[in-house]
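So you can see what is in the structure, the chains are spelled out below.
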Amino acid sequence: MSPVPTAAHDSDDVRAAAAGDRQAFQRLYVLHVSRVYGTLHRLAGYDHARAEDLTQDAFIRAWQKLPGFRHESAFGTWLYRLAVNVALMDIRARSADPVRVIDEEHLPEFGETPFCAAEREELEQAIGQLPPRARAVLVLHDIEGWRHEDIGDELGMAVGTSKAQLHRARGLLRKALGERS
Amino acid sequence: MNEFEWRRHLRALRQPRTPGRDLWPAIEAALDDTVVARESATSTATAIRVRPPGRQRWLLRASLAASLVLACGVGWHMLRAPTDKTYTAATSTWKPADPRLAGAAIELDAARIELELAIQQAPDSAALQRLLHRTERQQTQLRHLADQSPAAS
């Protein structure tokens with residue numbers, strides 16, 4: 001998986017923020033919020049309000065956990081993993097809610113629109129319609145570049161289940177975009 | 001579309017995105033509520049590091065004094081216990097008749113003495129005062145128990 005790009009000079013701000021310096025933490029926020037929000041926006045199915053809530057939660061949790069940050073990885077990588085974890089916890093919590101889960105039959109058809117001609121927004125809309133766990137696997141694997149082993153660890157599922165979810169998600173996505181897979 | 005094109009389209013979605021509104025004010029407001037959670041998440045060493053120097057000093061002194069008194073007390077007890085049967089009477093002002101409660105009385109009395117010594121080192125310590133009050137309450141409870149004990153009658 002690819003880490004969040006991080007400034008080479010943010011380590012001073014990380015140390016200051018860990019010691020309670022809010023201005024340093026705000027600088028870290030400004031530096032990393034776009035990447036964090038972008039990832040959470042995708043995992044939240046392109047739901048702006050939810051992505052904003054998750055982003056806030058991620059930064060608040062980062063503030064809480066910063067004193068324990070060991071500098072074994074880049075701060076951006078650490079923050080990125082923490083943010084993804086916040087989103088996955090949200091997905092796990094919501095997966096018990098049957099209203100949020102959409103079956104294959106309820107996916108909207110987009111007619112015969114070929115995938116290559118699909119607009120970016122159309123693709124994002126189709127991803128947003130996927131069931132939460134399938135969407136999480138697709139986003140993490142096909143967009144974020146995670147391995148199935150890591151996805152399985154984070155989502156609490158076997159590697160085979162992660163692969164099956166990805167296969168399902170791709171099929172649903174192609175169907176939603178009107179392409180026969 | 002082949003697999004390569006599929007991946008290319010999806011990877012193209014991996015881009016930073018700016019939130020529609022500034023999230024910092026809400027985050028900053030929430031940071032006030034997270035001070036306690038943050039301190040609990042911090043290791044003990046870090047927690048001590050962020051305390052004001054004065055508080056850190058008296059805590060260190062009090063804990064050092066308490067440890068010293070405890071070590072001296074244990075050592076003295078180990079040396080004297082086999083030969084000096086009056087140790088309990090010398091250190092404790094009260095000894096219940098029930099032998100099952102006598103041990104607890106000795107422990108509580110020793111704890112009270114240690115706490116009083118520690119408070120001499122750190123008279124402003126609310127935590128030590130609370131511990132002393134609790135110990136005294138336990139001594140009172142023990143007296144009640146001793147009064148109700150069959151050995152007392």
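Further up the page is the structure itself.
Residues numbered from 1 in each chain as written. Chains lettered and ligands numbered in written order. Predicted model: local features only at pLDDT ≥ 70, side-chain atom pairs only at ≥ 80, totals over all residues.

**Q** Honestly, the interface of chain A and chain B in this entry has me stumped. Any pointers?
**A** Bring the parts together and some accessible area is lost; that lost area is often taken as the interface size. Each partner contributes to the interface: chain A provides 30 residues, whereas chain B provides 28 residues. Residue assignment for the side of chain A that touches chain B shows that the elements contributing at least two residues are α2 (22-43), α3 (48-65), α5 (120-128) and α6 (132-143) of chain A. Residue contributions to the side of chain A that touches chain B peak at 10 residues, all from α2 of chain A. Across the side of chain A that touches chain B, the residue classes break down as 11 nonpolar, 10 polar and nine charged. (Contact = placed C-beta atoms within 7 Å. Helix = DSSP H or I, 4+ residues; strand = E, 2+ residues; numbered from the N terminus. Nonpolar A, V, L, I, M, F, W, Y, C, P; charged D, E, K, R; others polar.)

**Q** Which parts of the structure should I look at to understand unusual backbone geometry?
**A** Trans peptide bonds make up the majority, and among non-glycine residues the majority have a negative phi. Residues and elements named next belong to chain A. Phi angles above zero are rare outside glycine, and Tyr46 is one such case at about 65°. Considering the arrangement of structural elements, one finds Tyr46 in the loop between α2 and α3. Positive phi, normally seen in glycine, also occurs at His71, with a value near 60°. Counting through the fold element by element, His71 comes out in the loop between α3 and α4 (75-94). C-beta crowding within 10 Å serves as the criterion here: with 11 such atoms nearby, His71 is assigned to the exposed category. (Buried ≥ 20, exposed ≤ 12 C-beta atoms within 10 Å, placed from the backbone.)

**Q** Explain the environment of Asp109 of chain B to me, please; I cannot follow it from the model alone.
**A** With respect to the helices, strands and loops of the structure, Asp109 of chain B is situated in helix α7 (residues 99-121). A sequence separation of 26 residues divides Asp109 of chain B from Thr135 of chain B, and the C-alpha atoms of the two residues are 8.4 Å apart.

**Q** I'm lost on α4 of chain A in this one. Help?
**A** Residues spaced three or four apart along an α-helix point in a common direction, a consequence of the helix completing one turn every 3.6 residues. All names here are of chain A. Across its 20 residues, α4 extends 29 Å between first and last C-alpha, which sits within 8% of the 28 Å expected from 1.5 Å per residue. Within α4 the residues assigned to the buried category are Phe75, Gly76, Trp78, Leu79, Tyr80, Ala83, Val84, Val86 and Ala87. Residues of α4 that are buried sit in contact with α1 (11-18), α2, α3 and α7 (148-155). (Expected span 1.5 Å × (residues − 1).)

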